[in-house]
Amino acid sequence: MALSRPDLLAPYLSLDQGGKIQAEYVWIDGDNGLRSKTTTLPKVPKDISELRIWDFDGSSTNQAPGHDSDVYLRPAAIFRDPFRRGDNILVLAETYNNDGTPNATNHRHFAKKVMDQAKDTIPWFGLEQEYTLFDVDDHPLGWPKGGFPGPQGPYYCGVGAGKVFARDLIEAHYRACLYAGVKISGINAEVMPAQWEFQVGPCEGIEMGDHLWIARFLLVRIAEQFNVKVSFHPKPLQGDWNGAGCHTNFSTKAMREKGGIAAIDEAIEKLSKRHHEHIAVYGDDNELRLSGRHETAHIGAFSSGVANRGASVRIPRQVAAQGFGYLEDRRPASNIDPYRVTGIIVETVLL
Ligand code: ADP
Ligand code: MN
Ligand code: MN
Ligand code: MN
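Residues numbered from 1 in each chain as written. Chains lettered and ligands numbered in written order. Predicted model: local features only at pLDDT ≥ 70, side-chain atom pairs only at ≥ 80, totals over all residues. Heavy atoms only, no water.

### Structural notes on the domain arrangement of the protein
And step 1. Domains assigned within the protein are domain 1 (6–105) and domain 2 (116–350).
And step 2. Counting residues at the interface gives 17 residues for domain 1, matched by 19 residues for domain 2.
And step 3. Summed over both sides, the interface of domain 1 with domain 2 buries roughly 1600 Å², with 74% coming from carbon and sulfur.
And step 4. The interface formed by domain 1 and domain 2 holds zero salt bridges in total.
And step 5. At the junction of domain 1 and domain 2, the tally comes to three residue pairs in polar contact (both at pLDDT 80 or more).
And step 6. Breaking the side of domain 1 that touches domain 2 down by element, the ones donating at least two residues are strand S1 (21–28), strand S2 (34–41), strand S4 (70–80) and strand S5 (89–96). (Domains from an automatic or database assignment. Contact = heavy atoms within 4.5 Å. Buried area = accessible area lost by both parts, 1.4 Å probe. Salt bridge = Lys/Arg side-chain N within 4 Å of Asp/Glu carboxyl O. Polar contact = N/O pair within 3.5 Å; in protein donor to acceptor, adjacent residues only side chain to side chain. Helix = DSSP H or I, 4+ residues; strand = E, 2+ residues; numbered from the N terminus.)

What follows is the structure, encoded as structure tokens:
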């Protein structure tokens with residue numbers, strides 16, 4: 001059932017656009033998923049201020065009731081469009097209600113305020129987005145039908161048939177991110193077969209959430225062409241299989257300078273005092289993942305350690321050795337809203 005026919009599509013995509021630009025507005029829906037729709041622009045916008053506020057039917061995205069369904073899209077960031085190429089763009093937009101208040105799913109609005117307050121500390125983030133691929137019948141991609149692959153071991157950073165699946169899709173996504181202007185910093189196959197990771201960062205402040213959401217959009221959109229489903233569930237398969245997280249690496253200017261380990265220790269002390277507040281915004285179903293097994297710390301208590309992948313917060317060995325750098329919060333789940341996570345970290349550590 002080949003619905004996608006790149007060979008038939010190609011001649012149309014090579015037609016000129018009559019001087020017009022296509023802008024794909026992308027937003028976060030009411031279920032932590034992504035939506036997008038396209039509008040034609042008369043010319044290339046100089047910056048975000050030249051893009052119009054648009055609207056959509058929020059009753060169809062779980063973002064508004066039917067009797068008051070208009071939700072507004074306010075452009076927040078522009079990326080290059082790797083699908084349509086040329087001068088065409090992707091526009092990440094924030095969602096606002098009719099009365100001007102941010103929509104319930106617009107966590108960027110609040111994160112931006114926090115980031116602006118902490119601007120002088122120059123907060124950097126790097127996110128490690130883990131995710132799992134399924135075929136259209138909801139079967140883990142590449143897993144034998146009616147059985148299981150061999151136990152975990154050969155798959156992490158694996159090379160070779162039977163060890164990694166869907167490398168074409170992963171390569172396509174990596175290049176699309178680079179083209180779009182997403183600050184993607186790497187990829188690797190994960191411990192569980194059909195699970196992968198990409199890293200985005202370092203990004204400063206609000207930029208972290210913007211770049212991660214667009215990286216997710218590109219992944220889901222490209223996987224659509226491959227007829228593959230992307231799951232961001234933190235424990236997509238029960239049993240002796242690793243869950244999926246979104247480790248959040250964090251530093252400030254002070255932490256990155258000589259002697260910065262003192263600021264890192266201080267930050268960890270503050271994080272330890274607000275463990276439950278953080279867990280509350282570190283992703284749904286995260287209790288299924290943070291079991292104390294499979295390279296996680298138990299959800300019930302905060303812990304930290306150098307090079308310890310069984311701790312809530314890890315100080316990388318290299319950082320401890322040189323006495324400055326960053327910390328890794330290992331608690332966030334793969335399905336986080338990165339605006340909430342980066343926002344609360346800045347709030348707890350810096351404000
Ligand atoms: P791991 O060893 O935990 O798998 P990765 O290499 O997957 O680590 O990811 C490390 C992440 O840390 C990358 O996203 C990178 O951008 C980020 N990072 C590196 N240095 C800093 C820093 N000073 N502040 C914040 N993030 C950083
Ligand atoms: Mn990693
Ligand atoms: Mn990983
Ligand atoms: Mn990590």
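Read on for the rest.
### Observations regarding the packing of helix H2 (residues 108–117) against helix H10 (residues 338–350)
And step 1. Two elements in contact, H2 and H10, have axes whose closest approach is 9 Å; the angle formed by their N-to-C orientations is 30°. Here H2 is positioned roughly parallel relative to H10, judged by the angle of their axes. Here H2 runs over H10; the crossing is left-handed. Between H2 and H10, the residues in contact are Arg108, Ala111, Val114 and Met115 and Tyr339, Thr342, Gly343, Val346 and Glu347, respectively.
And step 2. Split by residue class, the contact of H2 with H10 holds five nonpolar, two polar and two charged. (Axes fitted to C-alpha atoms, helices over the stretch in contact; angles between N-to-C directions. Parallel < 35°, antiparallel > 145°, perpendicular 65-115°, else oblique. Left-handed = near helix turned anticlockwise from the far one by under 90°. Nonpolar A, V, L, I, M, F, W, Y, C, P; charged D, E, K, R; others polar.)

### Focus: H2
Residues separated by three or four positions in an α-helix point in the same direction, a consequence of the helix having 3.6 residues per turn.
And step 1. Within H2, burial applies to Arg108, His109, Ala111, Val114 and Met115.
And step 2. Here the buried face of H2 lies against S4, S5, strand S6 (124–135), helix H4 (207–225) and H10. (Buried < 20%, exposed > 50% of the residue type's maximum accessible area, 1.4 Å probe, protein only.)

### Section: the pairing of S2
And step 1. Across eight bridges, S1 lies against S2 in antiparallel orientation. Paired with Val26 across the strands is Ser36, a residue of S2.
And step 2. Between S1 and the antiparallel strand that follows it, S2, lie five residues; Asn32 among them carries a positive phi value of about 65°. (Pairing = 2+ DSSP bridges.)

### What about the sheet that holds S1?
And step 1. Ordered by their spatial adjacency, five strands build an open sheet running S2-S1-S5-S4-S3, and the pairing between neighbours is mixed. The sheet is open, and its two borders are formed by S2 and strand S3 (54–57), each paired with just one other strand. Averaged over all adjacent pairs, the angle separating strand axes in this sheet is 40°, with direction ignored.
And step 2. Here S1 runs beside S5; their pairing, made up of four bridges, is parallel.

### So, the coordination of the manganese ion (ligand 3)
And step 1. Donor atoms from the polypeptide that coordinate the manganese ion (ligand 3) comprise Glu130 (OE), Glu190 (OE) and Glu197 (OE), at 2.1 to 2.2 Å from the metal.
And step 2. Read N to C, the donor residues that coordinate the manganese ion (ligand 3) are spaced as E-x59-E-x6-E.
And step 3. Here the manganese ion (ligand 3) and the manganese ion (ligand 2) are spaced 3.8 Å apart, linked through Glu197, which binds each one. Of this pair, Glu130 sits in strand S6 while Glu190 sits in the loop between strand S7 (184–189) and strand S8 (195–204), placing them 60 residues apart in sequence. Here Glu130 matches Glu190 in class, with each residue buried. (Donors = N, O, S within 2.8 Å, 3.2 Å for Na, K, Ca; no water.)

### Thoughts on the site of ligand 1
And step 1. By nearness alone, 19 residues border ligand 1, and Glu197, Gly201, Ser251, Arg314 and Glu328 come closest of all.
And step 2. Within the side chain of Asn249, an N or O atom sits 3.3 Å from an oxygen atom of ligand 1.
And step 3. Relative to its unbound accessible area of 580 Å², ligand 1 is 76% covered by the protein chains.
And step 4. Those elements that place two or more of their residues in the shell around ligand 1 are S6, S8 and strand S10 (246–251).
And step 5. Taken together, the residues of the shell around ligand 1 break down into seven nonpolar, six polar and six charged. (Near = heavy atom within 4 Å. Areas by Shrake-Rupley, 256 points an atom, 1.4 Å probe, with all protein chains shown as cover.)

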